Amino acid sequence: MGFSPQDVERYARHLVLSEIGGPGQQKLAASTVAVIGAGGVGSPAALYLAAAGVGTLRIIDPDTVSLSNLQRQVLFDTVDTGRLKVEVAERRLAALNPGVRLHAVPEALTAETAARLITGADVVLDGTDDFDVRHAVNAACVAAGIPLVSGALGRWSGQVGVFTGRPCYRCLVPDLPPDAETCARVGVVGALAGVIGSMAALEVIKLVTGAGEPLTGRLLLYDGLSATSRTVEVTADPGCPVCSTSALIQSPARGVPEG
């Protein structure tokens, strides 16, 4: 895959990085990334992935733009209120980088639809704030052997993790929290979405290009109020119903080696 003179200029700052260079940029151009949720995490992540030259971006979100989104969801403008998020995202990302193939999917991801919606993706980025969706995405990624980048935020803090088989996200959050906090309930400072979304996009780029050390099996915790961060290991749950040995044996389609 060659680069046009325009490509060389557009990606010049990547091409001079020893960790990316021409081969890494070619990997980005050949990759497909599915972004689940075009909200606080997904908006900045999608912008940076399109700018980075990811070949195909699949944006999955059933919602429309509301005025309360605009404080942190940087894909959208005031005039977009009431429009489908994925349609606005498609237009905005195409304007940013016409070389990216964009698939707008105005559909809710559920346990029944997850496998179909992520089929063909090289990496999945989940930025939703619904634990049912997070568990469905995780199970589908484990079954398909697709790396999952998970980003979440609330109030003044956020987290980013990478899951490639075992341990999986279900090992981190085994049950649906009965009183799960959402941005709508507890609030969130808008700029935090940019921090976590950018970190999530960076992990996707590292996974695709092979640069550096992704957060595989680890969780980066960021506290915006104190401007501190720390990274913790995620322990594999021996009884995990998604990624444990017994679960994989019971579901032959889930032929995912331990990460």
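Up top is the structure these notes are about.
Reading guide: rules and limits
- Residues numbered from 1 in each chain as written.
- Predicted model: local features only at pLDDT ≥ 70, side-chain atom pairs only at ≥ 80, totals over all residues.
- Heavy atoms only, no water.
- Buried < 20%, exposed > 50% of the residue type's maximum accessible area, 1.4 Å probe, protein only.
- Helix = DSSP H or I, 4+ residues; strand = E, 2+ residues; numbered from the N terminus.
- Arc of directions from axis to C-beta.
- Contact = heavy atoms within 4.5 Å.
- Phe/Tyr/Trp six-rings, centres within 6.5 Å; stacked < 30°, edge-to-face > 60°.
- Pairing = 2+ DSSP bridges.
- Right-handed = clockwise from strand over helix to strand, strands pointing away.

## Description of helix 3 (residues 21-30)
Part 1: Those residues of helix 3 that fall on the buried side of the exposure criterion are Gly21, Gly24, Gln25 and Leu28. Along helix 3, the residues classed as buried sweep out an arc of 100° about the axis, all on the same side. Exposed residues lying more than 90 degrees from the buried face of helix 3 are Pro23 and Ala30.
Part 2: Buried positions along helix 3 lie against helix 2 (12-15), helix 4 (42-52) and helix 10 (190-209).

## Some thoughts on the packing of aromatic side chains
Each aromatic ring pair is summarised here by two numbers: the centre-to-centre distance and the angle between the ring planes.
Part 1: Under the definition given, this model contains one aromatic pair.
Part 2: Relative to Tyr169, the ring of Phe163 has its centre 5.8 Å away and its plane inclined at 90°; by these criteria the two rings are edge-to-face. The two residues Phe163 and Tyr169 agree in class, both being buried.

## A closer look at the pairing of strand 6 (residues 157-163)
Part 1: Among the seven residues of strand 6, five are classified as buried, and the element is accordingly described as predominantly covered.
Part 2: Pairing of strand 5 (residues 148-154) with strand 6, which is carried by seven bridges, proceeds in the antiparallel orientation. Looking at the pairing, Gly154 lines up with Ser157 of strand 6.
Part 3: Here strand 5 folds back onto strand 6, and the loop between the two strands holds two residues, one of which, Arg155, carries a positive phi near 55°.
Part 4: Relative to strand 7 (residues 218-223), strand 6 runs antiparallel, the two sharing five bridges. Its bridge partner lying in strand 7, Ser157 is registered against Asp223.

## Topic: the pairing of strand 1 (residues 32-36)
Part 1: Counting buried positions along strand 1 yields five of five residues, so the element is predominantly enclosed.
Part 2: Neither face of strand 1 is open: one carries Thr32, Ala34 and Ile36, the other Val33 and Val35, and all of them are buried.
Part 3: Of the strand pairs in this sheet, strand 1 and strand 2 (residues 56-60) are connected by five bridges, and their pairing is parallel. The residue of strand 2 that forms the bridge with Val33 is Leu57.
Part 4: For the crossover that starts at strand 1, traverses helix 4 and ends in the parallel strand 2, the hand is right-handed.

On their own, these measurements won't tell you what the molecule is for.
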